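As a plain string of letters, each chain reads:
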Amino acid sequence: MDINGALVLVAGATGVLGSALTAELAARGAHPALAGRDATRLAQAARAYPGAPTAEFDAYAPSSCTRAVHAVAAELGGLDAVVTAFGAVGFGASQEVDDAVAEHLMAVNFLAPAAFFRAALQVLPPHSVIAAFTGVVAEHPQPRMADYSASKAALSAWLAAVRREARGTGVQVLDVRPGHLDTGFADRPVAGTAPPMPPGGDPGHLVKAVVDAMETDAELVRTAPGGAPVVERRAR
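In short, a report on the structure. Bear in mind that the values here come from a model prediction, so they are computed numbers and not experimental data.

1. Concerning the sheet that holds strand E4 (residues 81-84)
Here is step 1 of the chain: Strand order in the open sheet formed by 8 strands is E3-E2-E1-E4-E5-E6-E7-E8, and the pairing between neighbours is mixed. The sheet terminates laterally at strand E3 (54-56) and strand E8 (229-232), the two strands that pair on one side only. Neighbour to neighbour, the strand axes of the sheet diverge by 15 degrees on average, direction disregarded.
Here is step 2 of the chain: Judged from the 4 bridges that link them, E4 and strand E5 (residues 128-133) form a sheet pairing that is parallel. Its bridge partner lying in E5, Val 82 is registered against Ile 130.

Okay, here's the thing in structure tokens:
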């Protein structure tokens, strides 16, 4: 996909990763649309992109995700990419995690992004992109993060199946599986307390790799052992 001039919806554009990704896309000539939960923060973020459409959504209400995609596509006259950059994290031994917390993690980390992408696949043309931030836990589930890991693995599995469906239509399906990043995400859990973690990676380096991947028809972005993001043409 040619990023220059592309119409890209970033869901979660008010967060650290989403805002960094939106800025990188705009710097390369894309026309971003911003979706977020908080109307005030969404309006503030949109000031950096005059004329950019905005849409509110509630990750706990999949129908609002669907409406956001169709509303932005109608306003722009189409879309070339939809990226989800939001989520929730929870910590704790599996027997200690409340059922409501487990349900919340699955709703926010899997059901909501899937709703965005189902709607996107109805409007995206060939040579377009859907992309999601899943995380290294989708591939390597972690103790005391069982429900969080499962929710991200569910999204990654869904993307893998959709990728096989979409190859005949020319839609690129990108799975972004970074390691721990310096975003403060782990400091805002819906339950539990984060274990000690090493210093996080640079979100700026990651989003550059994500946009590179979108431009080169890649399927996976992961973190190398040294911490650098790596773009891979075929997902594993």
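2. Details of the environment of Val 8
Here is step 1 of the chain: Considering the arrangement of structural elements, one finds Val 8 in strand E1 (residues 7-11).
Here is step 2 of the chain: Taking the relative accessible area as the measure of exposure, Val 8 reaches 0% and is therefore buried.
Here is step 3 of the chain: In sequence terms Val 8 and Ala 26 are 18 residues apart; their C-alpha atoms lie 9.4 Å from each other.
Here is step 4 of the chain: With near-sequence residues (within four places) excluded, Val 8 lies in contact with Leu 25, Ala 30, His 31, Pro 32, Ala 33, Ala 81, Val 83 and Met 214.

3. Some thoughts on the pairing of E1
Residues in a regular strand point their side chains to alternate faces of the sheet.
Here is step 1 of the chain: Of all 5 residues in E1, 5 are buried, a share of seventy percent or more.
Here is step 2 of the chain: The alternating pattern of E1 places Leu 7, Leu 9 and Ala 11 and Val 8 and Val 10 on opposite faces, both of which are buried.
Here is step 3 of the chain: Both E1 and strand E2 (residues 31-36) contribute to a ladder of 5 bridges, which runs parallel. Bridge pairing links Leu 9 to Ala 33 in E2.
Here is step 4 of the chain: Between the parallel elements E1 and E2, the chain passes through helix H1 (residues 16-27) in a crossover that is right-handed.
Here is step 5 of the chain: Bridge analysis of E1 against E4 gives 4 bridges, and the strand direction is parallel.

4. Remarks on the packing of helix H4 (residues 99-123) against helix H5 (residues 146-166)
Here is step 1 of the chain: The geometry of H4 relative to H5 is characterised by a closest axis approach of 7 Å and an angle of 20 degrees between their N-to-C directions. As far as their axial angle goes, H5 and H4 are roughly parallel. Pair H4 / H5 crosses with right-handed handedness. Residues Ala 102, Leu 105, Met 106, Asn 109, Phe 110, Pro 113, Ala 114, Phe 117, Arg 118 and Leu 121 of H4 form the contact with H5, whose participating residues are Asp 147, Tyr 148, Ala 150, Ser 151, Lys 152, Ala 154, Leu 155, Trp 158, Leu 159 and Val 162.

5. Description of the packing of aromatic side chains
Here is step 1 of the chain: One pass over the structure, following the stated rule, counts 4 aromatic pairs.
Here is step 2 of the chain: Here Phe 57 and Phe 86 contribute two aromatic rings whose centre-to-centre distance is 5.1 Å and whose plane-to-plane angle is 50 degrees, an arrangement assigned as tilted. A residue pair is termed long-range when its members are at least 10 positions apart, and Phe 57 in the loop between E3 and helix H3 (62-76) and Phe 86 in the loop between E4 and H4 qualify at 29 residues. As far as burial versus exposure is concerned, Phe 57 and Phe 86 are alike and both buried.
Here is step 3 of the chain: Ring centres of Phe 117 and Trp 158 lie 6.3 Å apart, and the angle between their planes is 25 degrees; on these two criteria the pair is classed as stacked. One end of the pair, Phe 117, is in helix H4; the other, Trp 158, is in helix H5, with 41 residues separating them in the sequence. The same class applies to Phe 117 as to Trp 158, namely buried.
Here is step 4 of the chain: Counting every residue linked through ring pairs, the aromatic cluster contains Phe 57, Phe 86 and Phe 116.

About the thresholds
- Residues numbered from 1 in each chain as written.
- Predicted model: local features only at pLDDT ≥ 70, side-chain atom pairs only at ≥ 80, totals over all residues.
- Heavy atoms only, no water.
- Pairing = 2+ DSSP bridges.
- Helix = DSSP H or I, 4+ residues; strand = E, 2+ residues; numbered from the N terminus.
- Axes fitted to C-alpha atoms, helices over the stretch in contact; angles between N-to-C directions.
- Buried < 20%, exposed > 50% of the residue type's maximum accessible area, 1.4 Å probe, protein only.
- Contact = heavy atoms within 4.5 Å.
- Right-handed = clockwise from strand over helix to strand, strands pointing away.
- Parallel < 35°, antiparallel > 145°, perpendicular 65-115°, else oblique.
- Left-handed = near helix turned anticlockwise from the far one by under 90°.
- Phe/Tyr/Trp six-rings, centres within 6.5 Å; stacked < 30°, edge-to-face > 60°.

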